[in-house]
Amino acid sequence: MSGNNGYFDRKGRPIVVVTGMGIVTSLGRGREDNWKALTAGQSGIHSITRFPTEGLRTTIGGTVDFVSADPFCAPALSENLADMAVSEAIEQSVIGSAGDFPGPLFIAVPPVEMEWPQREELARSMSPSGAVDYHTLLDAAHRGRPDLHDRFLFGGVAETLADRYGTKGSPISLSTACASGATAIQLGVEAIRRGEADAALTVGTDGSIHAEALIRFSLLSALSTQNDPPEGAAKPFSKNRDGFVMAEGAAALVLESLEHARARGARILGVLEGAGEAADSFHRTRSNPDGHAIIGCLEAALEDAGVSPDEVDYINAHGTGTPENDKMECLGVQTVFGDHAEKMPISSNKSMIGHTLTAAGAVEAAFSLMTIAEGRIPPTINYEVPDPAITLDVVPNEARDAQVRRVMSNSFGFGGQNVSLVMAAEPA
Amino acid sequence: MSAAPHRQVLITGIGLASSLGEGLDAHWTALTAPDGPKPVIDTEHFAPYPVHPMAELALDTQIPRRGDQRQMEPWQRIGTYAAGLALDNAGIKDQPEILERTDMIVSAGGGERDIAVDSAILTDLLTTNDPGKLLNERLSNDLRPTLFLAQLPNLLAGNISIVHKVTGSSRTFMGEEAAGIDAVRTAHARVASRQSEICLVGGSYNAERLDMLLLFELGNYLWREDWLPVWDRLSRGGGMVTGSMGAFLILESAEHAESRGGKAIASLDAVMSDRCKRETGAATAVARGQLEKIRPQLGSGKTALLTGATGAEPISGEERAFLESLVAENDDIAVRAVGSVIGHGLEAQFPVLVALAALTASRGKLYPALDSTGLEVDSGAAVDRVLVNLWGHWRGEGMALVSPAG
């Protein structure tokens, strides 16, 4: 398959590199602002003002309030966030030409459903007296609202971005719950390795904090209820951690084969060396207590990257701050990395940006590559009460300078989804 | 760019459930009934919208734990059931060593809601002075906590992992018809390029939902009159009739199938997906391009063409003209609109089309026409291969080629 001219990995597959990145989170817009805040240990979590939170157990989140979507609905904000991240990534990559990206689009988007404001608007349009139901809504719909049809299709956001950026082929919208952003990257890596594409645009986006979304996670007891102060709620790896904090954001990565990137003289930001995955068959929201799916996922990522555990310098943790996740992630890391786990730093971006859900894997992959480039590890903030059961170096509270040559970034999600990425500095 | 060498991809298992029944034999029997296929249509429960209801499924046979069944909404049950049928059909149902490295790609929608809760909240929302407070209170109290999980697209894959122990990998594609096309295309490409040895791919759709109909009625895509076959609707404005369905395929390399004694039902020779903005003629141009790529594999002999035409206009009229031009160029092509017999199933439609294509290829003949407009023609000639064509109701164009095994 390959004569090795430096463009192929040890398994004879095209090496995949990153040449552009864009980030939006509750900490700000763009790589620079985000990195500055992230390494200053700043939190983007605040009280929610987008909708009334009266009577709710959780009233905080990492909403991105400086980006508008009017009227608000999750796919509209998710689209705007993705758009910002993509334009920043393409600008950095200097790839293709305006409206003509030379490869496919893989985008992790939050699940889409019509939301309450639109239901209410449709119902009111019929001027009903008395009880309304879905027949009322269907009668209103029959008058024709193609705008709402297009808005609430699962594929709508991807189609809009595919039009705007001229990506090639059918855009793939995907969901693997909280691992989605990493899955988008994994699919892009696989497409380039197959030789199907020289470049791919991979995106994770999530702008879905509205009342029902918050309540649904709350009903599953997944969210932190320590609302005051908001910036102290996300406490990954702490003994008093009590759940994750919902947040919004987006990140886009331009992936290319090393050969393609070098041929056009692109600046290489890092290498996507490997992706690993294993599904858990234990429970819809919990990992098997023996940790075998997480362990299998981490091992698969190392195997795919062709590296040994002690070649990893840092782990960008899934680190949600739920009692369950952090315990299981620690077990997985200790099992796979053995003695090296005690020396290797592991920190959670979510302590500052919250859990950006569908976007998390992509956002944290971008931060992982910046960690390598900048030689500085973002901290796990709010680490005041260590959990004696988690004996890892979580880079407590303050960023740390360190030479980081290779990062593993973990993403785990409901439905037994586990994906880990291995990223490294540009090859010599 | 170095394209990886491609190898043959076999379909070694199929799980199929629709209004016509469950399994390949039941579908073949219904499709080839002596007086022609008889669609099953529910015209009452969702009037004025006819839908094709799911046949009664013996859920316990594929989802033995009632607790698991309760954790799913119907679309997840249909999909988990069909996935189990596919694993059974491939002979790997009880082979943990294979299941734990079997890859999975699911095309999913989701979002089945609690219609009663929604209606009650909406009624009160229109008269309250404090809508924010009301919404918070009522959603917190009235939503069933686990309903969320039954609505999440990736929880169909999650349920398949839990119930059937398929855990090699798990990806869920969303995005209506295109999700189904890309799921099958990606699974095919992964096996063809040696990224995967064996992959479970498919999707499911539950048409018996007012909330699902709502989305398509917003765009006025639905047929609201007495049921007619797809092509017969076009002269009367067109419209889509949705159908409950689920289909999963086991795609496998020949080497892997041989090593475990698996048998091929058919060969999946090509899968293509693309998009356009649906300007007049754009989908035709996409499909022409796809056909040119497939043409070297077509050879001579009789080709059956199964289309997923929805019946919605103007796109189904454009597709009809495209298909007529194919038939005019080559009278060895015989067309069938699968939507006429089982309806349209969005994310599930492409996997269902490929499943029916494999069934047709394996039986070597085509089921009788169901069309009074003259596009579908009966012929007793043996079928040598089956083309699949699907244009989504809004976006997404896919094509596949299926040939008999061996």
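(A) Examining the pattern of salt bridges more closely. Scanning all chains against the criterion turns up 61 salt bridges over all chains. Its salt-bridge partner being Lys-235 of chain A, residue Asp-242 of chain A comes within 3.2 Å of it at the nearest N-O pair. Three or more residues joined by partner-sharing salt bridges are found here, namely Glu-113, Glu-212 and Arg-216 of chain A together with Arg-113 and Asp-118 of chain B.

(B) Local environment of helix 1 (residues 24–31) of chain B. All names here are of chain B. All of the buried residues along helix 1 are Leu-24, His-27, Trp-28 and Leu-31. For helix 1, the angular spread of buried residues about the axis comes to 100 degrees, placing them on one side. Exposed residues on helix 1 whose side chains face more than 90 degrees from its buried face are Asp-25 and Thr-29. Tucked into the core, helix 1 has its buried residues touching strand 1 (9–18), strand 2 (21–22), helix 4 (74–90), helix 16 (339–342) and helix 17 (349–363).

(C) Molecular detail of empty space enclosed by the protein. Residues and elements named next belong to chain B. For the structure shown, the criterion picks out four cavities of 30 Å³ or more. By volume, the largest cavity is sized at about 310 Å³. Along its surface, the largest cavity is lined by 25 residues, and Gly-110, Gly-111, Asp-211, Met-212 and Leu-215 are the ones closest to its centre. Contributions of two or more residues to the lining of the largest cavity are made by strand 5 (198–205) and helix 11 (210–218). The element that contributes the greatest number of residues to the lining of the largest cavity is helix 11, accounting for six residues. By residue class, the composition of the lining of the largest cavity is 13 nonpolar, five polar and seven charged. Taken as a whole, the second largest cavity spans an internal volume of roughly 140 Å³.

(D) Expanded view of the packing of aromatic side chains. If you walk through the whole model with that rule in mind, you get four aromatic pairs over all chains. Judged by centre distance (5.4 Å) and plane angle (75 degrees), the rings of Phe-217 of chain A and Phe-244 of chain A are edge-to-face. One end of the pair, Phe-217 of chain A, is in helix 8 (residues 211–219); the other, Phe-244 of chain A, is in the loop between helix 8 and strand 8 (249–257), with 27 residues separating them in the sequence. Like Phe-217 of chain A, the residue Phe-244 of chain A is buried in the burial classification. Their ring planes at 40 degrees and their centres at 6.3 Å tell us that Phe-217 of chain A and Phe-414 of chain A sit as a pair that is tilted. Of this pair, Phe-217 of chain A sits in helix 8 while Phe-414 of chain A is found in the loop between strand 14 (406–413) and strand 15 (417–424), placing the two residues 197 residues apart along the sequence. This pair shows no difference in class: Phe-217 of chain A is buried, exactly as Phe-414 of chain A is. Cluster of aromatic residues (ring-pair linked, three or more members): Phe-217, Phe-244 and Phe-414 of chain A together with Phe-148 of chain B. Lying over the aromatic face of Trp-116 of chain A, Arg-119 of chain A brings its terminal NZ or CZ to 4.5 Å of the ring centre.

Criteria and cut-off values
- Residues numbered from 1 in each chain as written.
- Chains lettered and ligands numbered in written order.
- Predicted model: local features only at pLDDT ≥ 70, side-chain atom pairs only at ≥ 80, totals over all residues.
- Heavy atoms only, no water.
- Salt bridge = Lys/Arg side-chain N within 4 Å of Asp/Glu carboxyl O.
- Buried < 20%, exposed > 50% of the residue type's maximum accessible area, 1.4 Å probe, protein only.
- Helix = DSSP H or I, 4+ residues; strand = E, 2+ residues; numbered from the N terminus.
- Arc of directions from axis to C-beta.
- Contact = heavy atoms within 4.5 Å.
- 1 Å grid on protein atoms, 1.4 Å probe; cavity = no way out; pocket = protein on both sides within 12 Å on 5 of 7 lines; lining within 4 Å.
- Points joined across faces, edges and corners; volume = space filled by probe spheres on them.
- Nonpolar A, V, L, I, M, F, W, Y, C, P; charged D, E, K, R; others polar.
- Phe/Tyr/Trp six-rings, centres within 6.5 Å; stacked < 30°, edge-to-face > 60°.
- Lys NZ or Arg CZ within 6 Å of the ring centre and 35° of its normal.

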